[in-house]
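Summary of the model geometry
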Amino acid sequence: MLLSLSVSSALSLLLSLPLSEVFLLFSLPLILAVSVSKGGVVFLSPNYAVDFLSSAMVLLTFWVAIFLLSSKNSGMMNLSLLLLVFVMSALFMSNSFLSLFIFYEFSLIPTVYLIVGWGYQPERLSASLYLFFYTLVFSLPLLGFCIYFSLESWKVYEAISSESGGMNPWVSTLALLSFMVKMPLFGIHFWLPKAHVEAPMQGSVMLAAVLLKGGGYGLIRVIKLTNIDSMKFFFTSLSSVGMVSAAIAVLLSLDLKTMVALSSVSHMNFSVLGMLTLTLKGMEGAILMMVAHSLISSVLFFLVNMNYEVFFSRSMFMNKLIMSRLPKLSMIWFMALALNLGLPPFLLMVGELLMTASIMSFMWVGLGLLLYMYFLMSGIYNLNLFNMISHGWGQLMEVPSQQVKVSDLFIVLGWLVPLLPLLLSVGGAISS
């Protein structure tokens, strides 16, 4: 009884704190650790450490979370978001393979709770089952993989600069698929559009900005420990076909959320292709694309929700004429889609250039045609989306423009602020 009272009082105290204090409470130790991590790996304990990659992922997680917590959410939703932020931060800082596995799988619980608890339709239950099924099917091979390297006294932060390569190809394939299912790789991506459509705005943002990056982060950490050379053609084929097929599927979709979700699939398959080169340029390009995608894709889902609050629909047939009736919202849509297209000189374009150079240097030339199709289709579907929602006839004629909150527009602009300092830091690193 006393324990339950203390837990409830602690939760009520946490929920009653101002947003700035909650953010400071959770992020101050991480920021201090990041400030000293530029020289290499900083070990917080035997099982937890930070380096440049993990610190970038942790700060990205907190940056997205602070904008979500600033919106008017219920106490339980804020608690679920904070739990997911804590779990993903622990995942990014894990130096033990077993803790990496535990936090990687545990991240399902708050995510599914967000979808089931605040989803829009009864189909949210089937969407949650899809997410559980696709993730848990590959959890057993990942558990065996983590146990094996834990018994061999390997650490996560040693894996990125080491090579093992002696594993059975099928074991390597299943272990890599455990991370690729959350990116997600084409062919095992069907859970993602369904989860995005049924999830609330907060759930979609956390899925795109944080949860998908958990899969990419794990893949970068362990890919050199696996026998990837024997299966490289298999994964290259899936990811190259996937990035083009998902881009074409965007053009065939009529639901705004589905379009943004499939765009995420296309981008993340391209980043998988960059990781498969196992080169420094390919890895750096994949990391830059993941960071840029986290910010841009999450903003797009936020904009879809803003449209939904005006039109009460996500259908392309209902979302029309925002250029003439909602010019501020139209401007933000144009900025977000231009960044999603790879507007120079921002991070997404830098990442795509690095990966393209790496892919064309180390893989068969025929892949160049698929890369050309990817860039072409990416430009077409982004421009088509902006054209469809900006012009034509629609329900907006009866809706006053005052329904779009100016505060939401400032939130979106603040959301994208890290793209500029990140770009400057990348430019400084390249010039040096």
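Conventions used here
Residues numbered from 1 in each chain as written. Predicted model: local features only at pLDDT ≥ 70, side-chain atom pairs only at ≥ 80, totals over all residues. Heavy atoms only, no water. Helix = DSSP H or I, 4+ residues; strand = E, 2+ residues; numbered from the N terminus. Buried < 20%, exposed > 50% of the residue type's maximum accessible area, 1.4 Å probe, protein only. Contact = heavy atoms within 4.5 Å. Core = buried A, V, L, I, M, F, W, Y, C linked by side-chain atoms within 4.5 Å. pLDDT = per-residue confidence, 0-100. Axes fitted to C-alpha atoms, helices over the stretch in contact; angles between N-to-C directions. Left-handed = near helix turned anticlockwise from the far one by under 90°. Nonpolar A, V, L, I, M, F, W, Y, C, P; charged D, E, K, R; others polar. Salt bridge = Lys/Arg side-chain N within 4 Å of Asp/Glu carboxyl O. Phe/Tyr/Trp six-rings, centres within 6.5 Å; stacked < 30°, edge-to-face > 60°. Lys NZ or Arg CZ within 6 Å of the ring centre and 35° of its normal. Pairing = 2+ DSSP bridges. Expected span 1.5 Å × (residues − 1). Polar contact = N/O pair within 3.5 Å; in protein donor to acceptor, adjacent residues only side chain to side chain.

Per the secondary structure count, the chain includes 21 helices and two strands. For the chain, the residues scored as buried account for 56% of the 432 residues in total. Across the chain, contacts joining residues at least 24 apart in sequence account for 82% of those joining residues at least 6 apart.

Grouped together as the largest cluster of nonpolar side chains are 135 residues, with contacts concentrated most on L303 and W333. With 18 residues, helix 15 (residues 280-311) is the single largest residue contributor to this core.

What follows covers the confidence of the model for the chain. When the pLDDT values of the chain are averaged, the result is 78; 79% of them are 70 or greater. Within the chain, no element has a lower average pLDDT than helix 1 (residues 2-16), which sits at 39, and none a higher one than helix 14 (residues 256-275), at 92. Overall, residues 1-26 carries pLDDT values under 50, and its contacts beyond four positions in sequence, including any with other chains, amount to 21 contacts. Long-range and interchain partners of residues 426-432, a stretch whose pLDDT sits below 50, account for three contacts in this model, where long-range means more than four residues apart.

Axis separation between helix 11 (residues 191-198) and helix 14 bottoms out at 9 Å; the angle between their running directions is 145 degrees. In terms of crossing hand, the pair formed by helix 11 and helix 14 is right-handed. Contacts from L192, P193, H196 and V197 of helix 11 reach helix 14 at K257, T258, A261, L262 and V265. Its residues assigned to classes, the contact of helix 11 with helix 14 comprises six nonpolar, two polar and one charged.

A few words on the pattern of salt bridges. Evaluation of the coordinates by the stated rule reveals two salt bridges. The closest approach of N and O atoms between D51 and R221, which form a salt bridge, is 2.9 Å. Residue D51 is located in the loop between strand 2 (48-50) and helix 3 (52-69), and its partner R221 is located in helix 12 (residues 201-222); the two are separated by 170 residues in the primary sequence. Pair check on accessibility: D51 and R221 agree, each one buried. A salt bridge links D255 to R314, with the nearest nitrogen and oxygen atoms 3.3 Å apart.

In this section: the packing of aromatic side chains. Per the counting criterion, the structure on display carries 12 aromatic pairs. With centroids separated by 5.9 Å and ring planes inclined at 85 degrees, the aromatic side chains of F270 and F375 adopt a geometry described as edge-to-face. Taken together, the residues span a long stretch of sequence, with F270 in helix 14 and F375 in helix 19 (residues 367-390) at a distance of 105 residues. In this structure F375 comes out as partly exposed when scored by relative accessible area, which is 34%. Stacked on the ring of Y104, the Lys or Arg K182 has its end atom at 4.1 Å from the ring centre. The residue whose ring lies beneath K194 is Y130, and the NZ or CZ to ring-centre distance is 5.6 Å.

Turning our attention to unusual backbone geometry. Residue P184 is bonded to the preceding M183 through a cis peptide linkage, with omega at -5 degrees. Assignment of secondary structure puts P184 in the loop between helix 10 (169-180) and helix 11. Here the phi dihedral of F312 falls at roughly 60 degrees; this positive angle occurs in a residue that is not glycine. Topologically, F312 is positioned in the loop between helix 15 and helix 16 (322-325).

With three bridges connecting them, strand 1 (residues 42-45) and strand 2 associate as antiparallel partners. Residue pairing in the sheet places F43 in a bridge with A49 of strand 2. Between strand 1 and the antiparallel strand that follows it, strand 2, lie two residues.

Attention now goes to helix 3. In an α-helix, one turn spans 3.6 residues; hence positions three or four apart end up facing the same way. Helix length check: helix 3, at 18 residues, gives a terminal C-alpha distance of 26 Å against a target of 26 Å (1.5 Å per residue), a fit within 8%. Across the 18 residues of helix 3, 13 count as buried, placing the element largely inside the fold. Near the N-terminus of helix 3, the side chain that reaches the backbone nitrogen of L53, with its oxygen 3.3 Å away, is that of D51.

It is worth spelling out the side chain of H196 at this point. Tracing the backbone shows H196 in helix 11. Judged by its relative accessible area of 0%, H196 falls in the buried class. Excluding anything up to four places from it in sequence, H196 contacts S204, L207, A208, K257, A261 and F301.

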